[in-house]
Amino acid sequence: MIQERLHSILDKIRQISLPKLSKLKLTKNQSIALGLTVRILLGIMFGAARIFGEYSPFGAAYVAASGAGFGGVFSLIGVTIGAAGAGGFNWALKYTAIGVLIFAASAIFRDLPVYGKRWFAPVNAAVMTACAGFVYAAYAGWTLAATAYYLSEVVLASGCAYFYRKALEPYLSDTSETAERVVKIDLSTGEAASQYRVSVLILLATLLVPLSKFRVMGTVSPGGTAAVIAIMAAAYKGGMAWGCATGVVFGIAMDAASGGEPFFIAAYALAGLVAGIFNKNTRLSFLTVYTLANSVAAMWNWTNRMREAALYEVFIADVVFMLLPANLLRSWKERFLPVEDNKLSGMMYAARYAREKAETVALAFNEVYNLLKRNVDGGRNDNDIISVFDVAADSVCRNCRRSAICWQQSYNDTMTVFNDAAPYMLERGELVAGDFSSRFCDRCTDLKSFIAAANAELRAMLMRRQYRNRLRERQNALYDQFHDMSSVISGVAEAFPIEQDSERAAEAEERVNLYLREIGIDAKSAVFADKNRRLHVELTGSGANTLQKGEKWLTKLSAAAECPLSLARSANDALYLLESEPLVATIGVASLRKRGEDVSGDNGAFFKTDEGMLYMILSDGMGSGDEAAKDSKTAVRILERFLRSGVDTETALRILGAVMSLRGEETIGCASVDLLCVNLFNGDTELYKYGAAPSYIRKGSAVRRVSGEGFFAGLGYGVPDRTRLYLEPGTYAVIVSDGVAGPDDDWLSNSLAGYEYDGEDFAKVLAHSVVEIASEKFGRADDMTALVTAINN
């Protein structure tokens, strides 16, 4: 029982989501200020890092890696502060002078091609460190120890400058006004990625050197504890190879910082190697093995003065590592460890093949859409009303004896007369003699025939316009169908679980299968992440149903998968589970028919998809009664089917608009539509409206009114209004039909702002309250419906 309780508590702690710095919105000046501040802080750390008692090659290496410009200046300032705080005047003077010389060389060579070479920073650090250190080595008499330390410092300064440059390359940019450079590195495979990972490892190890000097209660070092946690993470996520390599690097750094006999390199490397073998086991089992291996190494070196500190640091690191969120370890692995492509199974390759085929079909439909859109037949120009007179002139004026006078000598006067008459002709719908000037009427020898020909062409033009408008609507509907088909197939392709958090899914599958074997359940798991990164877990086998009979089986299975799971459905020898959403939605619905009607013209639906999306639909058919109910029911049914199948929301709404328009050719069939889409993983929300009544979002005591300006679905081929929202816990949304809102909805906003009730049936009670108040206010003059969703943790 104690072990189960411990697992439960640790699981809840590890599921805490850490804030993402990538979501911080910084201005350019804020970003520059933050970058320069980080450079100073890193400089202080490297400047204060001492090894072998009195040597500090890391500050020089950091200044060389930072280069010239403002970045180099602030790095130099940080190193100077760190050196001044970590040693005496002479010691600080030495390494400040080395930093100044390195920065001066970088500034001098900055505009030359040699500055951009890979070897420039290492050579710069080595030469300046050698020049300054030569004086101190000569003063010591060039003893064997002094010479060895002198050469070691030069080599370390040069090597660390190279690796620092590699590790900081994606983030180091010249923040001066003249240049800014950011380098992107592919961390999946390749030599560059391997060099980057090793460089980061060396940078982190040397960064912990100054922290290892501090001792809490004279024993425990923050630097040593952090080093142990890093080794644990490398071994747990990367296996014995990465565990051992990380142990060697951090062990060398800690031994150099202590200045004593080698101890940490043996303890760290052995513990990382042995524990890495058990990285597929539970976290508690892994830490047990690590602690035992480290204890064995400490016993081998029992006379070393650092043994007690190492044991305490491992104990503290055990506790911290148990509490680390799983998503933090997973993101660390995805960032720094190589991807193992050979883990893809045959089914995954089949899914990739099917996805590529679906994407190809989608591109084909999209190409057809673009081709047809570009080649719409322009045909005859019916937008120029003057062409009516041109056609009349061709049939009447061609054989007139005064044709040359009207159409050649007085052409400008004739066109002026036609331009003046055109507005009256369009307004009236026909041409009459009074539309022309008296001078033109006197000059025309067959005015009556000319007017008759012009009116005949005018009627034909108006008919052609009407026909072309209707034809263009049909063409646009057809073209949009190709576009929508492309979008639908693209959405289907995105649903294939390829490269959608596959590493996380593979690890969860291994842990769940291990757990099932440990408890003796004859079942296997298959885990994948959908396009929203939600884990889907399917358990198959004769023991799947047996698993449900165990006490707290779902809690234990969630602990094994390192994410909260909920049972979606079950069948014979199969369980289908989904990663639980952090947010919970409570739904309330209330409705009243129009007085005197047998059915309501309002229809609605709400449902949740496997991707963690909550959809709420409310449709109000035009009018009331059976026909209105038929239209609204059609709209809800079409939307629900497309959304449940995974079709993109905007594509589903476009298809609905086209279907309703084509359906209403003979009899007008249209309906208003409200569609609320809530992502229950992060609260991101979209509210779409097709001619619908206002909706209301309440947070605290503040109420936001959301309205649209579009037409009903079925009136043309317009797009719906879209509003982006964020529904955090404690927020609720109210969607109503126009029978509730009425012509003046201030009363509703005020009622929602002052509403106070926090029972479990809050949403249901609120929905009924809204409809009842509206009924008293408007007397059920129209169908009334209210949908309420309350978001909580």
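Residues numbered from 1 in each chain as written. Predicted model: local features only at pLDDT ≥ 70, side-chain atom pairs only at ≥ 80, totals over all residues. Heavy atoms only, no water.

(A) Spotlight on the overall build of the protein chain. Looking only at helices and strands, one finds 27 helices and 14 strands in the protein chain. Looking at the protein chain residue by residue over its 793 residues, the buried ones come to 45%. Of the roughly 39,800 Å² that the protein chain leaves accessible, carbon and sulfur atoms contribute 58%. (Helix = DSSP H or I, 4+ residues; strand = E, 2+ residues; numbered from the N terminus. Buried < 20%, exposed > 50% of the residue type's maximum accessible area, 1.4 Å probe, protein only. Areas by Shrake-Rupley, 256 points an atom, 1.4 Å probe, with all protein chains shown as cover.)

(B) Spatial organisation of the confidence of the model for the protein chain. Considering every residue of the protein chain, the mean pLDDT works out to 78; 79% of them sit at 70 or more. Overall, residues 339–347 carries pLDDT values under 50, and its contacts beyond four positions in sequence, including any with other chains, amount to eight contacts. Counting contacts from residues 376–380, a segment whose pLDDT is below 50, to residues more than four positions away or on other chains yields eight contacts. (pLDDT = per-residue confidence, 0-100. Contact = heavy atoms within 4.5 Å.)

(C) Structural detail: the nonpolar core. The biggest cluster of nonpolar side chains holds 72 residues, and the ones touching the most others in it are Y164, Y268, Y290 and F321. With 13 residues, helix α9 (residues 222–258) is the single largest residue contributor to this core. Those residues in contact with Y290, other than ones at most four positions away along the chain, are V228, I231, M232, Y268, A271, G272, A275 and V314. (Core = buried A, V, L, I, M, F, W, Y, C linked by side-chain atoms within 4.5 Å.)

(D) Spotlight on the sheet that holds strand β6 (residues 602–608). Overall, antiparallel pairing links the five strands, which are arranged β6-β7-β8-β9-β12 in an open sheet. Looking at the sheet topology across the chains shown, the edges are occupied by β6 and β12 (721–726). Going across the sheet, the axis of each strand differs from the next one's by a mean of 10°, ignoring polarity. Here strand β8 (residues 671–679) pairs with strand β9 (residues 684–690) via six bridges, running antiparallel. Pairing of V678 across the sheet is with T685, part of β9. Lying on the sheet, helix α23 (residues 626–644) is in contact with β6, β7 (613–621) and β8; it crosses β7 at an angle near 160°. (Pairing = 2+ DSSP bridges. Axes fitted to C-alpha atoms, helices over the stretch in contact; angles between N-to-C directions.)

(E) Quick look at the packing of aromatic side chains. For the structure shown, the criterion picks out 22 aromatic pairs. Aromatic pair F286 and F321: ring centres 6.1 Å apart, planes at 40°, arrangement tilted. Residue F286 is located in helix α11 (residues 283–300), and its partner F321 is located in helix α12 (residues 307–323); the two are separated by 35 residues in the primary sequence. Note on accessibility: F286 and F321 belong to one class, buried. Geometrically, the ring pair formed by F607 and Y615 is tilted, given 5.4 Å between the ring centres and 35° between the ring planes. (Phe/Tyr/Trp six-rings, centres within 6.5 Å; stacked < 30°, edge-to-face > 60°.)

(F) Spatial organisation of the pairing of strand β1 (residues 524–529). Burial of β1 is one-sided: the residues S525, V527 and A529 facing one way are buried, the residues K524, A526 and F528 facing the other way are not. Across six bridges, the pairing between β1 and strand β2 (residues 535–540) is antiparallel. Its bridge partner being in β2, S525 is matched across the sheet by L539. Linking β1 back to β2 in an antiparallel pair, the connection comprises five residues, with R533 at a positive phi of about 70°.

(G) Inspection of unusual backbone geometry at higher detail. Here E562, not a glycine, exhibits a phi torsion of approximately 60°, which is positive. Assignment of secondary structure puts E562 in the loop between α22 (553–561) and β3 (565–571).

(H) Expanded view of the pairing of β7. With respect to burial, β7 is a largely interior element, nine of its nine residues being buried. Residues M613, Y615, I617, S619 and G621 line one face of β7 and the alternating positions L614, M616, L618 and D620 line the opposite face, and both faces are buried. Pairing of β6 with β7 involves seven bridges; the strand directions are antiparallel. Bridging from a neighbouring strand, A605 pairs with I617 of β7.

(I) Up close: the pattern of salt bridges. With the rule as written, the count across this model stands at 17 salt bridges. Of the charged contacts in the structure, one is a salt bridge between R511 and E507, with a shortest N-O distance of 3.8 Å. Taken together, the positions of R511 and E507, both in helix α20 (residues 502–518) and four residues apart, correspond to about one turn of that helix. Both residues of the pair, R511 and E507, belong to the buried class. Through salt bridges with shared partners, a single network forms among K237, R283, E507, R511 and E562. (Salt bridge = Lys/Arg side-chain N within 4 Å of Asp/Glu carboxyl O.)

(J) Geometry of the sheet that holds β1. The strand order across the open sheet formed by four strands is β1-β2-β4-β3, and the pairing between neighbours is antiparallel. Looking along the sheet, the strands with just one partner apiece sit at the ends: β1 and β3. Here the strands of the sheet are splayed against their neighbours by 20° on average, with no regard to which way each runs. Across the sheet, α22 is in contact with β2, β3 and β4 (574–579); its angle to β3 comes to roughly 115°.

(K) Representation of a nonpolar patch on the surface in the model. On the surface, a cluster of nonpolar side chains totalling about 400 Å² of accessible area is made up of F315, I316, V319, V320 and L323. Among the secondary structure elements, V320 is positioned in helix α12. A residue is classified by how much of its surface remains accessible, and V320, at 32% relative accessible area, is partly exposed. (Patch = residues over 30% accessible without salt bridge, like charges linked within 9 Å, V, L, I, M, F, W, Y side chains within 5 Å.)

(L) How the structure looks around helix α27 (residues 762–778). End to end, α27 covers 24 Å across 17 residues, agreeing with the expected 24 Å (1.5 Å per residue, within 8%). If you check which residues of α27 are buried, you get F762, A763, L766, A767, V770, V771, A774 and S775. The inward-facing, buried residues of α27 abut β5 (584–592), β13 (731–736), α25 (738–741), α26 (746–753) and β14 (784–792). With its phi angle positive at about 65°, G779 sits one or two positions after the end of α27. (Expected span 1.5 Å × (residues − 1).)

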